[in-house]
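So you can see what is in the structure, the chains are spelled out below.
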Amino acid sequence: MSLFWKPGSERPCILDDEEGGILFFATASSSSSGYGYKSIEKQRQRLPVYKYRTAILYLVETHATTIIVGETGSGKTTQIPQFLKEAGWADGGRVIACTQPRRLAVQAVASRVAEEMGVKLGEEVGYTIRFEDVTNPDATRVKFLTDGVLLREMMDDPLLTKYSVIMVDEAHERSLSTDILLGLLKKIQRCRPELRLIISSATIEAKKISAFFGTRKRHQKKEIEEQRPKLDPAILSVEGRGYNVEIHYVREPVPDYLQASVSTVMLIHDQEPMGDILVFLTGQDDIDAAVQLLTEEAQSHRRNSSGLIVLPLYSGLPRSEQDLIFSPTPRNKRKVVISTNIAETSLTLEGIVYVVDSGFSKQRFYNPISDLENLIVAPISKASARQRAGRAGRVRPGKCYRLYTEDYFLNEMSNEGVPEMQRSNLVSSVIQLKALGIDNILGFDWLASPLPEAMIRALEVLYSLGVIDDDAKLTSPVGFQVAEIPLEPMISKMILSSNQLGCSEEIITISAILSVQSIWVSVRGSQKDLDEAKLRFAAAEGDHVTYLNVYKGFLQSGKSSQWCHRNFINYHAMKKVMETREQLRRISLRLGIVLKSCDRDMEVVRKAVTAGFFANACRLEPYSEGGMYKTVRSSQAVYIHPSSVLLVLRNLTSDCIQFINLESLREYLGIDRTS
DNA sequence: GAGCACTGC
């Protein structure tokens, strides 16, 4: 049985929303935006988590694993590492680690904690994310890092011996790397009883995580004799600092959530006091459509809606447009942000008082039979609905309008989402575990077991790449090398193959570009211009060679942002490409790859691409409608993705087949090669 | 004719 800690008369603030409409109770009613002087120590003491300082330290002392259930604003992330430091957990050269799923969060939390402790970031308090190691091995005692980086650290030090306490934050999000990390940490605990884990989670996942750490193979008696910490996890609940959020449901199911969101926003605008609105929809298409509908409504004369500022938000949006979200709302205006799930966890908007929740989000699903990943609009979970509602209560009491019925919420909505581990292609996860010496992947103690078919598929792909052998062990050197490159195994294999083919420079460039979301800018309504821009760089060989052309153009322009703008290239993405490229070159050199360019010989580039991606090979089906291909391996029907330059070319050439030569086609269309 | 959100020595 897990221990539930209830210190004093403090009651947990989270009520089950099954019982009423109210999600959070506020305990601290004062505003957190401290005007006037307040010492940092005073500010710290006002955080809800402060009251639990003694309880937390007691639990960490006596339990191998402590689970902290804390809502937003409890201060757990910034305070608990400091409590541990003050209590001596960093003495004797030991280090306290705190992991986050996202890089931005790591940086933000680390600098906040350094400021609170009055130390220079990178000394006593530091952080590590990809490309940035702001730590001093001799001085850093409190270290923030992404879970991905901690996993990488395990390759050098499998028992993570320098850490005394590891706090895994946001574990309820159940990302791929958090799940793997938790499984491995549980394993480490067996060898290192002195290691303490703190896992922070939202309510719903806490019980599952506790059960995971609570079940072990029979050594329970020994712990008492040896004065070991209790192996059963402790759970402590810390209230957040949100305000009440009143939940409204629709009486009848809505036929069209897009239309319903728009009319709900107008209703709020007409009837509710000032305060910004956040609407959760599923993707760019939905969002752009809603923005347009609302803008039209706002301009229609019958409403006094001139005060409405409607803004879209999704990760693919150019940075300049994303930044508009953070500009303060002018007086007598109301901001409406129409967003994807990015506003659910990754970005926090201040000033939101009303949330409109469509009840849907786009989710990735993996089909191991077809080996295809799909994005599907699917109903969200209760956990997600609760998180969305909480976004309305950050500055003052708010309201959340759910575009589904209460009955649906209570009786049909699932409690939590499917963990990413069960909806993903597993090649990367499997190779990571293999690299850490976990050979029996099927027998690994998973927090959520992946589908057996998915594991088999991953092992098949890795075997065919020559990364694992007949005994499913990493091959030497290829397997170990592929595991060392922080990319998907197929891309890593492509890099290794480029060595013999003499085109490592080109392949590394392509790999860096493949690791950013997209180098193209897509602005609403400018699809034709984007396609035209793509044609300036288009290569008949396909997207990979096209990317090389873009990269060359970018270098020739002197890495100019204006050049990017003219050519519909995402400047920030290109900067990331340059950074990734440098990192990949460093790693390649270490692996003994000779950095060499093949100049204009694209034949070898294509060979290298094929060496990594041969499993995706397919043939055009003769006489098929719409250009259907079938994969060589399993005759799975596939199509060229609409974003591919090949499709742009095909559509344009259907009218003018006589232009086999790309240069002539550009000439015909009046497109300059470089612009 | 379409891209939820993340991560990595």
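One can find the structure itself at the top, above this paragraph.
Residues numbered from 1 in each chain as written. Chains lettered and ligands numbered in written order. Predicted model: local features only at pLDDT ≥ 70, side-chain atom pairs only at ≥ 80, totals over all residues. Heavy atoms only, no water.

Moving on to the overall build of chain A. Within chain A, the secondary structure is distributed over 26 helices and 20 strands. For chain A, the proportion of its 675 residues judged to be buried stands at 50%. Roughly 32000 Å² of accessible area belongs to chain A as shown, and the carbon and sulfur atoms make up 51% of that amount. (Helix = DSSP H or I, 4+ residues; strand = E, 2+ residues; numbered from the N terminus. Buried < 20%, exposed > 50% of the residue type's maximum accessible area, 1.4 Å probe, protein only. Areas by Shrake-Rupley, 256 points an atom, 1.4 Å probe, with all protein chains shown as cover.)

A surface patch of like charges, here negative, comprises Glu541, Asp599, Asp601 and Glu603. Note on placement: Glu541 falls in the loop between α20 (527-537) and α21 (543-556). With relative accessibility at 36%, the residue Glu541 sits in the partly exposed group. (Patch = residues over 30% accessible without salt bridge, like charges linked within 9 Å, V, L, I, M, F, W, Y side chains within 5 Å. Salt bridge = Lys/Arg side-chain N within 4 Å of Asp/Glu carboxyl O. Lys, Arg positive; Asp, Glu negative; His and termini not counted. Charge placed at Lys NZ, Arg CZ, Asp CG, Glu CD.)

A few words on the sheet that holds strand β13 (residues 334-339). Across the sheet, which stays open at both edges, the six strands sit in the order β10-β17-β14-β11-β13-β12 with parallel pairing between neighbours. At either end of the open sheet lies a strand with only one pairing partner, and these are β10 (245-249) and β12 (308-313). Averaged over all pairs of adjacent strands, the angle between their axes in this sheet comes to 20 degrees, without regard to strand direction. Here four bridges tie strand β11 (residues 276-280) to β13, and the two strands are oriented parallel to one another. Residue Ile277 lies in a different strand from β13, and its bridge partner there is Val336. Most of the contacts of helix α9 (residues 257-271) go to strand β14 (residues 352-357), to which it runs at about 150 degrees, and overall it touches β11, β12, β13, β14 and β17 (398-402). (Pairing = 2+ DSSP bridges. Axes fitted to C-alpha atoms, helices over the stretch in contact; angles between N-to-C directions. Contact = heavy atoms within 4.5 Å.)

A few words now on the sheet that holds strand β18 (residues 618-620). As summarised here, the arrangement of the three strands in space is β18-β19-β20, forming an open sheet in which the pairing is antiparallel. Two strands lie at the open edges of the sheet, namely β18 and β20 (637-639), each paired on one side alone. Across the sheet, the mean angle separating the axes of adjacent strands is 40 degrees when strand polarity is ignored. Bridge count between strand β19 (residues 628-631) and β20: three bridges; the pairing is antiparallel. Bridge pairing links Met628 to Tyr639 in β20.

Now for the pairing of strand β2 (residues 65-70). On a regular strand, one side chain projects to one face of the sheet and the next to the other, so that they alternate. Here β2 lies mainly inside the structure; six of its six residues are buried. Every second residue of β2 is oriented toward a common face, with Thr65, Ile67 and Val69 on one face and Thr66, Ile68 and Gly70 on the other, all of them buried.

The subject of this paragraph is the nonpolar core. Formed by 97 residues in total, the largest nonpolar core has its most connected members in Ile166, Leu184, Ile507, Ile519 and Val605. Each of domain 1 (3-238) and domain 3 (485-614) contributes no fewer than three residues to this core. Setting aside residues no more than four positions away along its own chain, Ile166 makes contact with Ala97, Leu150, Leu160, Leu185, Leu195, Arg196, Leu197 and Ile198. In terms of nonpolar packing, the next biggest core, distinct from the first, is built from 31 residues, Ile56, Ile80, Tyr127 and Val142 among them. (Core = buried A, V, L, I, M, F, W, Y, C linked by side-chain atoms within 4.5 Å. Domains from an automatic or database assignment.)

So, about the protein's contact with DNA strand B. Surrounding DNA strand B, one finds 32 residues, the nearest of these being Thr146, Arg152, Ser315, Lys362 and Gln527. Close to the protein, within 4 Å, the atoms of DNA strand B are drawn from sugar and phosphate at a rate of 59%. Between a base nitrogen of DNA strand B and a side-chain N or O atom of Asp531, the distance comes to 3.0 Å. In the model, a base oxygen of DNA strand B is placed 3.5 Å from a nitrogen or oxygen of the Arg590 side chain. (Near = heavy atom within 4 Å. Polar contact = N/O pair within 3.5 Å; in protein donor to acceptor, adjacent residues only side chain to side chain.)

Looking now at the pattern of salt bridges. Considering all chains together, one arrives at 30 salt bridges under this definition. The partner of Glu116 in a salt bridge is Arg44, and the shortest N-O contact between them spans 3.7 Å. Of this pair, Glu116 sits in helix α4 (residues 103-117) while Arg44 sits in helix α1 (residues 40-46), and the two are 72 residues apart along the sequence. Comparing Glu116 with Arg44, the two get one shared label, buried. Taking the shortest distance from any N to any O, the salt bridge between Arg388 and Glu344 comes out at 3.0 Å. Of this pair, Arg388 sits in helix α13 (residues 382-390) while Glu344 sits in helix α12 (residues 342-345), placing them 44 residues apart in sequence. One exposure class covers both Arg388 and Glu344, and it is buried. Three or more residues are tied together by salt bridges with common partners; here these are Glu41, Arg44, Arg53, Glu86, Arg112, Glu115 and Glu116.

So, on to α21. Three or four residues apart is the spacing at which side chains of an α-helix point the same way, because the helix has 3.6 residues per turn. An ideal rise of 1.5 Å per residue puts 20 Å on 14 residues; α21 measures up with 20 Å between its terminal C-alpha atoms. Of all the residues in α21, the buried ones are Val545, Thr546, Tyr547, Leu548, Asn549, Val550, Tyr551, Gly553 and Phe554. Just beyond α21, the residue with positive phi is Gly558, at close to 75 degrees. (Expected span 1.5 Å × (residues − 1).)

Another aspect to go through is unusual backbone geometry. Cis rather than trans, the peptide bond between Ser476 and Pro477 has omega equal to 0 degrees. Tracing the backbone shows Pro477 in the loop between α16 (452-464) and α17 (478-484). Of note in the backbone geometry, Asn332 takes a positive phi value of approximately 65 degrees without being a glycine. Along the chain, Asn332 falls in the loop between α11 (319-323) and β13. Since its relative accessible area comes to 65%, Asn332 is described here as exposed. The phi dihedral of Ala472 falls on the positive side, at around 60 degrees, and the residue is not glycine. By the secondary structure assignment, Ala472 is in the loop between α16 and α17.

Inspection of every chain in the model, using the stated rule, returns 10 aromatic pairs. The interplanar angle of 85 degrees and the centroid separation of 5.2 Å between the aromatic rings of Phe212 and Phe213 together place this pair among those described as edge-to-face. Like Phe213, Phe212 is buried. One aromatic cluster in this structure is built from Trp520, Phe537, Phe554, Trp563 and Tyr571. (Phe/Tyr/Trp six-rings, centres within 6.5 Å; stacked < 30°, edge-to-face > 60°.)

Moving on, we come to the packing of helix α19 (residues 504-514) against helix α23 (residues 571-590). Between α19 and α23, the least distance of the axes is 8 Å, while the angle of their chain directions is 130 degrees. On the basis of the axis angle, α19 is oblique to α23. In this structure, α19 meets α23 at a crossing whose hand is right-handed. Side by side, α19 and α23 meet where Glu505, Ile508, Thr509, Ser511, Ala512 and Ile513 of the first sit next to Val577, Thr580, Arg581, Leu584, Arg585 and Ser588 of the second. Looking at the contact of α19 with α23 residue by residue, the classes come out as five nonpolar, four polar and three charged. (Parallel < 35°, antiparallel > 145°, perpendicular 65-115°, else oblique. Left-handed = near helix turned anticlockwise from the far one by under 90°. Nonpolar A, V, L, I, M, F, W, Y, C, P; charged D, E, K, R; others polar.)

What follows covers the side chain of Ser381. Inspection of the secondary structure assignment puts Ser381 in the loop between β16 (372-379) and α13. Sequence-distant contacts of Ser381, defined by excluding residues within four places in its chain, comprise Met413, Ser414, Asn415, Glu416 and Gly417.

Moving on, we come to the environment of Ser464. Relative to the elements of secondary structure, Ser464 occurs in helix α16. Classification of Ser464 by relative accessible area gives partly exposed; the value is 36%.

It is worth spelling out the state of the cysteines at this point. Taken as a whole and judged by the stated rule, the model has zero disulfides. Unpaired in terms of disulfides, Cys598 finds its nearest cysteine sulfur in Cys503, a separation of 4.9 Å. (Disulfide = S-S within 2.5 Å.)

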